[in-house]
Amino acid sequence: MPGSGGTRAKKGATGLGVLLALLVTVVWSGSFFATRGMADSIPPVQAVLWRWTIATVPVVPFAVRQACRQRALIRVHFGYIDLATLFAGPLAATLLGDFGAEVVKVEHPTRPDPSRGHGPAKDGIGLWWKLLGRNKRTMTLDLSTPGGRDTLLRLAATADVVIENFRPGTLERWGLGWPELSAANPRLILTRVTAFGQEGPYAHRPGFGTLAEAMSGFAAITGEPDGPPTLPPFGLADSIAALTTAYAVMTALAGRDRTGHGQVVDLAIIEPILTVLGPHPLWYDQLGYVQPRTGNRSTNNAPRNTYRSADGRWLAVSTSAQSIAERVMRLVGRPELISEPWFETGSGRAAHADVLDEAVGGWIARHKADEVTAAFEDAEAAVALVYDVRDVMADPQYAALDTVTEVEDPELGPIRMQNVLFRLSETPGAIRWAGRPHGADTEAVLTELGLSAAEITALRTEGAL
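The residue count restarts for each chain, going from 1 along the sequence in the order it is written. Totals for whole chains, interfaces and linings use all residues, but because this is a predicted model, local features are given only for residues with pLDDT of at least 70 and pairs of side-chain atoms are given and counted only at 80 or more. Calculation of side-chain values draws on the structure's entire complement of heavy atoms; hydrogens and water are dropped beforehand.

**Describing the environment of glycine 413**
For the purposes of this entry, the term helix denotes a DSSP run of H or I that reaches at least four residues, the term strand denotes a run of E that reaches at least two, and both are numbered from the N terminus. Along the polypeptide, glycine 413 turns up in strand 13 (residues 413-418). Once residues within four sequence positions are removed from consideration, glycine 413 is found in contact with Val407 and Glu408. Residues count as neighbours in contact if any of their non-hydrogen atoms are within 4.5 Å of one another.

Encoded structure:
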């Protein structure tokens, strides 16, 4: 019957219209979540419908299908790609991961991040990595291979930030320089952390934080006056650079919110530690002053030193504020020193450090450590016992702050490590997991990226994984 065919056609058209309306509603409601940083909150049914629309509804106009495809890709998002090794770059990624950044750690298939082998190990498992690798998924990729290069570009296309610390020119040699990465993702932040930066006569030299501690002037002012320049026994320059890198990344992301496009962060490890040291360049520029080594003393105030108690404990005293210095002098029975003209300024007191150290050190030497701390607390003066890690782990203030917290680890069981750096009242950070084994998430990450089993096998055959 002609009429019935026309009715079926009308009903079919109406049904298609309803279906399209439903699909548009689903797609754009998913877009609402995704564009507000809540892609993980998109209901799974919407993701299914997106893919079904793309794959099986040929009558949907091409432009609509392309829009659906873009919305579906929003769910594939690897926010922070950590290509760096050892400490400054990786620690920056750790700090960002502690507060929710999704970090994917990319390591060479046969040469893992050397930090996995630094320091003591338990049952062959590096403990430093458990701290440095926390909150990171781990995958392997040889960036020097064609497959590794192409895979990184696919990862970068989904990312907000890439952090790397190769010597300048290395990424470019692999075809992964800023032109290629920004072409893959114009909103990408490429963060480059190297010893000397991307420009200048030293840019291509190998370098580590130790060189920054030497070149910044830190070693020159550290140690006893008649002793050699002294380096710190830990990664001081790297750690300062890591904090600075995390700040730089957040600054660049804030800039992207204004401009709509990404940029390159160029951070030289030799610079942040120089800033932390204070106004040394300014002093030298204006006065020709070069700070000498003074041991535990300060050139800016006194008394400031470590002193030994009657029971053999060491305590540190600081009197940066004038009021604190006066309280300490009254406490140790030398109030007459307060009326000396030189006592009125920190530099004046520093010039008479011998007198002040004798007064404070002599008093502390006659008292037990717990008596010293109690007396200083009563006087509202600043003192602290010199701790080693055993004292840190037992200290009630650290315990109250949960500064060293327990994390359950699949390899080692419960382990204790430093917690996230600060507490937020509404959006707190957390340690979701400790450092994972080398390449533990390679297949999962590549599958989420959209690679087929055959493509992953091909990468393995090539040696890219």
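Still to come is the rest of the account.
**Description of the sheet that holds strand 2 (residues 103-107)**
In this analysis, strands are considered paired if DSSP registers two or more bridges between them. What the six strands build is an open sheet, ordered 5-2-1-6-7-8; its pairing is parallel. Edge strands, defined here as strands with exactly one partner in the open sheet, are strand 5 (136-140) and strand 8 (263-268). Between one strand and the next, the sheet's axes are offset by a mean angle of 20 degrees, whatever the strand orientation. Note that strand 6 (residues 161-164) and strand 7 (residues 189-194) share four bridges and pair parallel. Paired with valine 162 across the strands is leucine 190, a residue of strand 7. In the packing of helix 20 (residues 442-449) onto the sheet, contacts are made with strand 2 and strand 5, and the angle to strand 5 comes to roughly 90 degrees. In this analysis an axis means a line fitted to C-alpha atoms, helices contributing only their contacting stretch, and an angle means the value between N-to-C directions, from 0 to 180 degrees.

**Let's talk about the packing of aromatic side chains**
Centres within 6.5 Å make a pair out of two Phe, Tyr or Trp rings, where for Trp the six-membered ring is used; the pair is then stacked when the planes are under 30 degrees apart, edge-to-face when over 60, and tilted otherwise. The full count for this structure, using the stated rule, is seven aromatic pairs. Between tryptophan 283 and tyrosine 289, the ring centres sit 5.7 Å apart and the planes meet at 75 degrees, which makes this aromatic pair edge-to-face. Here, a charge over a ring means that NZ of Lys or CZ of Arg falls within 6 Å of the ring centre while also lying within 35 degrees of the ring normal. Here the guanidinium or amino end of arginine 205 rests over the ring plane of tyrosine 202, the centre of that ring lying 3.8 Å away. A cation sits over an aromatic face here: arginine 432 above tryptophan 433, 5.2 Å from the ring centre.

**A few points about the side chain of threonine 191**
Within the secondary structure, threonine 191 sits in strand 7. If sequence neighbours within four positions are ignored, threonine 191 has contacts with Val161, Val162, Ile163, Glu164, Thr245, Val249 and Val265.

**A look at the packing of helix 4 (residues 88-97) against helix 11 (residues 236-259)**
Where helix 4 contacts helix 11, the two axes come as close as 8 Å, and the packing angle between them is 55 degrees. Judged by the angle between their axes, helix 4 and helix 11 are oblique. In the crossing of helix 4 with helix 11, the sense of the turn from one axis to the other is right-handed. Contacts between helix 4 and helix 11 involve Ala88, Leu91, Ala92, Leu95 and Leu96 from the first element and Asp238, Ser239, Ala241, Ala242, Leu243, Thr245, Ala246, Val249 and Met250 from the second. Each angle gets one of four labels, with under 35 degrees taken as roughly parallel, over 145 as roughly antiparallel, 65 to 115 as roughly perpendicular, and the rest as oblique. Should the near helix be turned anticlockwise from the far one by less than a right angle, the crossing is termed left-handed; should it be turned clockwise, right-handed.

**Considerations on the layout of surface pockets**
Residues are called lining when one of their atoms sits within 4 Å of a cavity or pocket point, these points coming from a 1 Å grid over the protein atoms alone, where a cavity is a set in which a 1.4 Å probe fits but cannot get out and a pocket is an open set with protein on both sides within 12 Å along at least five of seven lines. Grid points are joined across faces, edges and corners, and a volume is the space filled by probe spheres set on the points. As a volume, the second largest pocket reaches approximately 980 Å³. Every element with two or more residues in the lining of the second largest pocket is listed here: helix 4, strand 2, strand 7 and helix 9 (209-215). Counting residues per element, the lining of the second largest pocket draws most heavily on helix 9, at three residues. Residues belonging to the lining of the second largest pocket are distributed by class as follows: 23 nonpolar, 12 polar and eight charged. Basically, the charged four are Asp, Glu, Lys and Arg, the nonpolar ten are Ala, Val, Leu, Ile, Met, Phe, Trp, Tyr, Cys and Pro, and anything else, Gly included, counts as polar.

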